[in-house]
Amino acid sequence: MRATRSTEQGESARLPSGIGAAPLSFRVASVVILLGLVIFAIPDSIPFYYKQVGILIFWFASLGTAWTISCGYGGMFSIGNAAFVGTGAYTSTLLFLHFQISPWLGMVVGMALAALLAAGVGYPAFRFGLRGDYFALITIAFSGIVYELVNGASGITGGGQGKPIRVLGDRPWLFQFTDRRIYYYIAMAMWLLTVVVAYRIRHSRLGYKLLAIRDDEPAAARAGINGTTVKLVGFVITAAITAALGTFYAQLILFIDPGSVLALDLSVTLILMAVLGGMASYLGATVGAFILVPLSQWLAANTAVAGADLFANGLILVLLMLYMPHGILGLLRNSPRWRRVVGW
Amino acid sequence: MTAMLSIRGIDKRFGALPVLTDATFDVAEGSITGLIGPNGSGKTTLFDIITGYRAPDGGSVLFAGSEIIGLKPYQLARRGLIRTFQLTRVFKGLTVLENLLVCDVSPTAEEASDRALEMLDFVRLTALADREAAALSYGQQKLLEIAQVLMLDPSMLLLDEPMAGINPGLADQIIEHLQALRAGGKTLLLIEHNLSVITTLCDKLLVLNAGSIIAEGRPEEVIKDRNVREAFLGS
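Because the structure is a prediction, the values reported are computed rather than measured.

1. Considering the overall build of chain B
Consideration 1: Per the secondary structure count, chain B includes 9 helices and 10 strands.
Consideration 2: Relative to the compact-globule value of 18 Å for 235 residues, chain B shows a C-alpha radius of gyration of 18 Å, a close match.
Consideration 3: C-alpha atoms of chain B, sized along the principal axes, occupy 50 × 35 × 35 Å.
Consideration 4: Looking at chain B residue by residue over its 235 residues, the buried ones come to 48%.

What follows is the structure, given as structure tokens:
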């Protein structure tokens, strides 16, 4: 019954994936770019503004990549991930302000809390088969509820006025640094970690299952895949990573309020990063962030029209839907080699 | 022979329309049983009920001696009851190889990879291993789906028109493979319109008409039955 497999055939089906599958020139260029990004922040003469833009690029790239795990791979179109950013930011900040617990530990608690919230929202939604637009609406509602709860509990959270975090100078254990470069390197490390996690998931059984469910959930069930469990795992991973990034943002700005870490426009912006780059690729959100963050920052700083950056985001989203629904990296998906590189 | 699958009094209505009425039959372990009937006779609905995709209005389904009504499709798949769909449903965003890896039940990634490559060889899709499944022709997707269900190592396989859209050479290969599965102790139930395939493959033939089993027995005898010829063959 089983045909004999030739060595050549076996090798053809076991070609490397990820950057390892790319031509040598591309791999060299990737290393050069990565090294360039590492040394970018080293000169002290780099203005604060540019360092901040660099940090935000990695932050948004990480947020978009985390979103890719549940949505790009698993098809769970969440428009409420700001709720997880806020969960991480508020958990670590409030634990620090009220109990003097290090934000590093608060980050872990925030991740656990976000995972629990994701499970609480995700389980009934997945169990009863809510998907697509209906799941998106659930996540918007969830995000809105978290926003209003935080906004309303002003005695604890500071409400709409927000909560400043005391500036303590160079206190690494308390996640505070006077040197902006440290934040840049932490953001870069978090981005690298998120991309590696997304890459590993894409090439794992969990990744195959998420993609199978995204493509055809009834057919995935035929393969013995429990859609509820697999989607829940994907959504929880996304929530936990997103919450960690929320803690980072709170410590970067040293101030939190619902408008900055829980607002709907944050959820939409991080989606835009992934959609522009290609939401089915572990590198999509990174490509998107490297284009959109500088563009948005430039528009916000250099145009007299208020909200020009938000207008540009909306316009880009519409144009993408119409002319490039698979994003920039989606243009490579018909090439077997580049498909392996970008993890489509 | 003991029954691997026992269908008892299955009823199903879609609104006021009865689709299945008291459908009752057995499928013997290690056999190939064919299911034929005119379009709209309820064959696919019956498959949907057996594999947990639809709930019946009444009746019971015993698989390997256990009641399976109420179990979900993924639970039945894990018990070894696997189906294909009338219209091929592969995972179009995955590569051909990944389509098989997602169905694998091997304990290690290495074994999974080996097994997937063997299956690709069998259905002659090795050269397309890294291609997106969406890029395959319909016939190739049909072959990929058959390879997928074989990856799952089922104890019983329900095939919904497995030969549709496949060239005669490959159809012969699939027939050989299905016979090999039976020789290996697997149980098969297949919906098929090609009577030569049915007579070549099947130990037993069931005829479904207007939601009821109107004949069952050896294929060569059943297709001579006057009621069957009127209902299915129109002569």
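Further notes follow.
2. A look at the packing of helix α5 (residues 103-127) of chain A against helix α11 (residues 227-253) of chain A
Residues and elements named next belong to chain A.
Consideration 1: Between α5 and α11, the least distance of the axes is 7 Å, while the angle of their chain directions is 145 degrees. The element α5 and its partner α11 pack so that their crossing is right-handed.
Consideration 2: For the contact of α5 with α11, the per-class residue count stands at 17 nonpolar, 9 polar and 2 charged.

3. What about the interface of chain B and chain A?
Consideration 1: Contact with chain B, which involves 34 residues of that partner, is made by 29 residues of chain A.
Consideration 2: Listed by contribution, the elements that provide at least two residues to the side of chain B that touches chain A are α2 (73-78), β6 (81-83), α3 (96-101), α4 (109-122) and α6 (168-183) of chain B.
Consideration 3: For the side of chain B that touches chain A, the leading source of residues is α4(B), giving 6 residues.
Consideration 4: For the side of chain B that touches chain A, the class distribution of residues is 18 nonpolar, 5 polar and 11 charged.

4. Section: unusual backbone geometry
Residue and element names in this part refer to chain B.
Consideration 1: Positive phi values are uncommon outside glycine, yet Arg 124 reaches one of about 60 degrees.
Consideration 2: Along the chain, Arg 124 turns up in the loop between α4 and α5 (138-151).
Consideration 3: Classification of Arg 124 by C-beta neighbours within 10 Å gives partly exposed; the count is 15.

5. Focus on the confidence of the model for chain A
Consideration 1: Confidence in the prediction for chain A averages 91 pLDDT; 95% of positions are at 70 or higher.
Consideration 2: Every residue in residues 1-12 of chain A is under pLDDT 50, and counting partners more than four places away or in other chains gives 16 contacts.

6. Description of the sheet that holds strand β8 (residues 187-191) of chain B
Residue and element names in this part refer to chain B.
Consideration 1: Overall, mixed pairing links the 6 strands, which are arranged β6-β7-β8-β3-β9-β10 in an open sheet. Of all the strands in the sheet, just β6 and β10 (212-217) have a single pairing partner and so form its edges. Along the sheet, successive strands turn relative to each other by an average axial angle of 15 degrees, direction set aside.
Consideration 2: Bridge analysis of strand β9 (residues 204-209) against β10 gives 5 bridges, and the strand direction is antiparallel.

7. Brief notes about the packing of helix α3 (residues 48-73) of chain A against helix α13 (residues 264-277) of chain A
Residue and element names in this part refer to chain A.
Consideration 1: At a minimum axis distance of 8 Å, the contact between α3 and α13 shows a crossing angle of 75 degrees. By the angle between their axes, α3 is roughly perpendicular relative to α13. Contact residues: Phe 60, Ala 61, Leu 63, Gly 64, Trp 67, Thr 68 and Gly 72 in α3; Leu 270, Ile 271, Met 273 and Ala 274 in α13.

8. Side note on the sheet that holds strand β1 (residues 3-14) of chain B
Residues and elements named next belong to chain B.
Consideration 1: Across the sheet, 4 strands lie side by side as β2-β1-β4-β5; this open sheet has antiparallel pairing. The two strands at the open ends of the sheet, each matched to only one other strand, are β2 (17-28) and β5 (66-67).
Consideration 2: Where strand β4 (residues 58-63) and β5 come together, 2 bridges link them in antiparallel fashion. Paired with Leu 62 across the bridge in β5 is Glu 67.

9. Here we look at the pairing of β8(B)
Residues and elements named next belong to chain B.
Consideration 1: Most of β8 is tucked away, with 5 of its 5 residues classed as buried.
Consideration 2: Every second residue of β8 is oriented toward a common face, with Thr 187, Leu 189 and Ile 191 on one face and Leu 188 and Leu 190 on the other, all of them buried.
Consideration 3: Both strand β3 (residues 32-36) and β8 contribute to a ladder of 4 bridges, which runs parallel. Bridge pairing in β8 places Gly 34 opposite Leu 190.
Consideration 4: With 5 bridges joining them, strand β7 (residues 156-160) and β8 adopt parallel strand pairing. Opposite Leu 157, over in β8, you have Leu 188 as the bridge partner.
Consideration 5: On the question of chirality, the crossover connecting β7 to the parallel β8 by way of α6 is right-handed.

10. Remarks on α4(B)
Residues and elements named next belong to chain B.
Consideration 1: The terminal C-alpha atoms of α4 lie 20 Å apart, and with 14 residues this matches the ideal 20 Å at 1.5 Å per residue to within 8%.
Consideration 2: Taken together, the buried positions of α4 are Arg 115, Ala 116, Leu 117, Glu 118, Met 119, Leu 120 and Phe 122.
Consideration 3: Just beyond α4, the residue with positive phi is Arg 124, at close to 60 degrees.

11. What to know about the environment of A:Phe26
Residue and element names in this part refer to chain A.
Consideration 1: Within the secondary structure layout, Phe 26 lies in helix α2 (residues 24-40).
Consideration 2: With 13 C-beta atoms counted inside 10 Å, the residue Phe 26 sits in the partly exposed group.
Consideration 3: Taking the C-alpha atoms as reference points, Phe 26 and Met 321, 295 residues apart in sequence, are found 29 Å from one another.

12. Some details on the nonpolar core
Consideration 1: In this structure, A:Ala187, A:Ala212, A:Ala240, A:Met273, B:Leu120 and B:Ala147 are the most contacted members of the largest nonpolar core, which totals 164 residues.
Consideration 2: The element best represented in this core is α11(A), accounting for 15 residues.
Consideration 3: For A:Ala240, the residues in contact, after removing those within four places along its chain, are A:Met111, A:Ala114 and A:Ala115.

The rules behind these values
- Residues numbered from 1 in each chain as written.
- Chains lettered and ligands numbered in written order.
- Predicted model: local features only at pLDDT ≥ 70, side-chain atom pairs only at ≥ 80, totals over all residues.
- Helix = DSSP H or I, 4+ residues; strand = E, 2+ residues; numbered from the N terminus.
- Rg over C-alpha atoms; globule rule 2.2 N^0.38 Å.
- Buried ≥ 20, exposed ≤ 12 C-beta atoms within 10 Å, placed from the backbone.
- Axes fitted to C-alpha atoms, helices over the stretch in contact; angles between N-to-C directions.
- Left-handed = near helix turned anticlockwise from the far one by under 90°.
- Nonpolar A, V, L, I, M, F, W, Y, C, P; charged D, E, K, R; others polar.
- Contact = placed C-beta atoms within 7 Å.
- pLDDT = per-residue confidence, 0-100.
- Pairing = 2+ DSSP bridges.
- Parallel < 35°, antiparallel > 145°, perpendicular 65-115°, else oblique.
- Right-handed = clockwise from strand over helix to strand, strands pointing away.
- Expected span 1.5 Å × (residues − 1).
- Core = buried A, V, L, I, M, F, W, Y, C linked by C-beta atoms within 7 Å.

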